Amino acid sequence: MSQEMYAAEPEATRRNAGGTESSRASRGWWDRNADEYQSDHGAFLGDDRFVWGPEGLDEADAGLLGPAAALKDLDVLEIGAGAAQCSRWLAARGARPVALDLSHRQLQHALRIGEDVPLVEADAGRLPFRDNSFDLACSAYGAVPFVADPVQVFREVHRVLRPGARWVFSVTHPIRWAFPDEPGPEGLSVAASYFDRTPYVEQDERGEAVYVEHHRTLGDRVRDVVAGGFRLADLVEPEWPAWNDQEWGGWSPLRGNLIPGTAIFVCVRD
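Residues numbered from 1 in each chain as written. Predicted model: local features only at pLDDT ≥ 70, side-chain atom pairs only at ≥ 80, totals over all residues. Heavy atoms only, no water.

(A) The arrangement of the sheet that holds strand β4 (residues 119-121) in detail. In spatial order, the strands read β4-β3-β2-β5-β6-β10-β9; together these seven strands make up an open sheet with mixed pairing. Unpaired on one side and paired on the other, β4 and β9 (231-236) mark the two borders of the sheet. The average undirected angle you get between the axes of adjacent strands in this sheet is 20°. Taken together, the five bridges between β9 and strand β10 (residues 262-268) define a ladder with antiparallel strand orientation. By the bridge assignment for β10, L232 is matched with C267. Taken strand by strand, helix α3 (residues 85-92) contacts β2 (75-79), β3 (96-101) and β5 (134-140), and its axis lies near 175° from that of β3. On the sheet, helix α6 (residues 218-227) packs against β6 (161-172), β9 and β10 and is oriented at approximately 20° with respect to β10. (Pairing = 2+ DSSP bridges. Helix = DSSP H or I, 4+ residues; strand = E, 2+ residues; numbered from the N terminus. Axes fitted to C-alpha atoms, helices over the stretch in contact; angles between N-to-C directions. Contact = heavy atoms within 4.5 Å.)

(B) Summary view of a nonpolar patch on the surface. A contiguous nonpolar patch, built from L188, L254 and L258 and spanning about 250 Å² of accessible area, is present on the exposed surface. With respect to the helices, strands and loops of the structure, L254 is situated in helix α7 (residues 253-256). (Patch = residues over 30% accessible without salt bridge, like charges linked within 9 Å, V, L, I, M, F, W, Y side chains within 5 Å. Areas by Shrake-Rupley, 256 points an atom, 1.4 Å probe, with all protein chains shown as cover. Salt bridge = Lys/Arg side-chain N within 4 Å of Asp/Glu carboxyl O.)

(C) Structural view of the environment of S193. Along the chain, the position of S193 falls in the loop between β6 and β7 (200-203). Measuring from C-alpha to C-alpha, the distance between S193 and A178 comes to 5.5 Å, with 15 residues separating the pair along the chain. At 3.1 Å, the side chain of S193 and the backbone nitrogen of F195 are in polar contact. (Polar contact = N/O pair within 3.5 Å; in protein donor to acceptor, adjacent residues only side chain to side chain.)

(D) Representation of the pairing of strand β8 (residues 209-213). Most of β8 sits out of view: five of its five residues are buried. In this antiparallel pair of consecutive strands, β7 and β8, the connection spans five residues, and G207 shows a positive phi of 85°. (Buried < 20%, exposed > 50% of the residue type's maximum accessible area, 1.4 Å probe, protein only.)

(E) Fine view of the pattern of salt bridges. For the structure shown, the criterion picks out 20 salt bridges. In this structure, D131 and R159 form a salt bridge, with 2.9 Å as the shortest nitrogen-oxygen distance. Taken as a pair, D131 in the loop between β4 and β5 and R159 in helix α5 (residues 150-160) lie far apart in primary sequence, 28 residues in all. What makes D131 partly exposed here is its relative accessible area of 47%. By relative accessible area, which is 23% here, R159 ends up partly exposed.

(F) The arrangement of the environment of P150 in detail. Position of P150 relative to the elements: it lies in helix α5. Relative accessible area serves as the criterion here: at 5%, P150 is assigned to the buried category. In this structure, the C-alpha to C-alpha distance between P150 and A227, residues 77 residues apart in sequence, is 9.8 Å. Not counting chain neighbours up to four residues away, the residues in contact with P150 comprise R216, R221 and D224.

(G) Looking closely at unusual backbone geometry. Located in the positive-phi region is A84, a residue other than glycine, with phi close to 65°. With respect to the helices, strands and loops of the structure, A84 is situated in the loop between β2 and α3. The buried category is assigned to A84, whose relative accessible area is 0%. Despite not being glycine, N132 has its phi angle at roughly 55°, a positive value. Its place among the elements puts N132 in the loop between β4 and β5. The class of N132 is partly exposed, set by a relative accessible area of 38%.

Everything listed here is a matter of coordinates, which is why it stays silent on function.
Here it is as structure tokens:
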């Protein structure tokens, strides 16, 4: 049998992780886990829905990108697009989306579903587009939680957007970092300092990161948005809906009815 079958489980720890290590870990993790992710969550995400997070808030209802009718003929960049479900929803409303992701395997799933959206494999911190190329940018749990320098990403997004454009992104709600990532009652007791910004890292037996997620407080996120050149127009904290009875990692009806699980930042490039 191959040595991979006996590979040790990654060690979970909290330690510093820079931009290069974080990017490399994210690319490898999503390439390895894209099949399982799409298998587990593909039915919930759909092939052409725009869902902002595990709560199931749908852009068709939320309208955070603006009125659906106003999306027609807009050039839209989706960052951390995965299998490009959100981009397909945008295309169905007459927009011209481009789906960008760091993971080659995630984009292969996008091709599996359909070839109707342009796909770009690239790092969110180095967008391969000209200045003022897009009318709108969005990201549903893509890129932002996994980068060491979110301001660099925001500045890149600012650069490629046209004046007046929106940049809307969702991330794990910062308060969740103080609680264990468990869907049951054990996930309701504070277990760590909300103010500890040390990244969560899973590393292999050589000490190399295979998964990295970075924590920012709510205030940090607001300051990052401003430092990136944007004005914060709204901050949405979706409530858990009665119809949603699924568990998704640490997200569940039990926790969702008590503490927020997702934060959505609606930003404007003035």
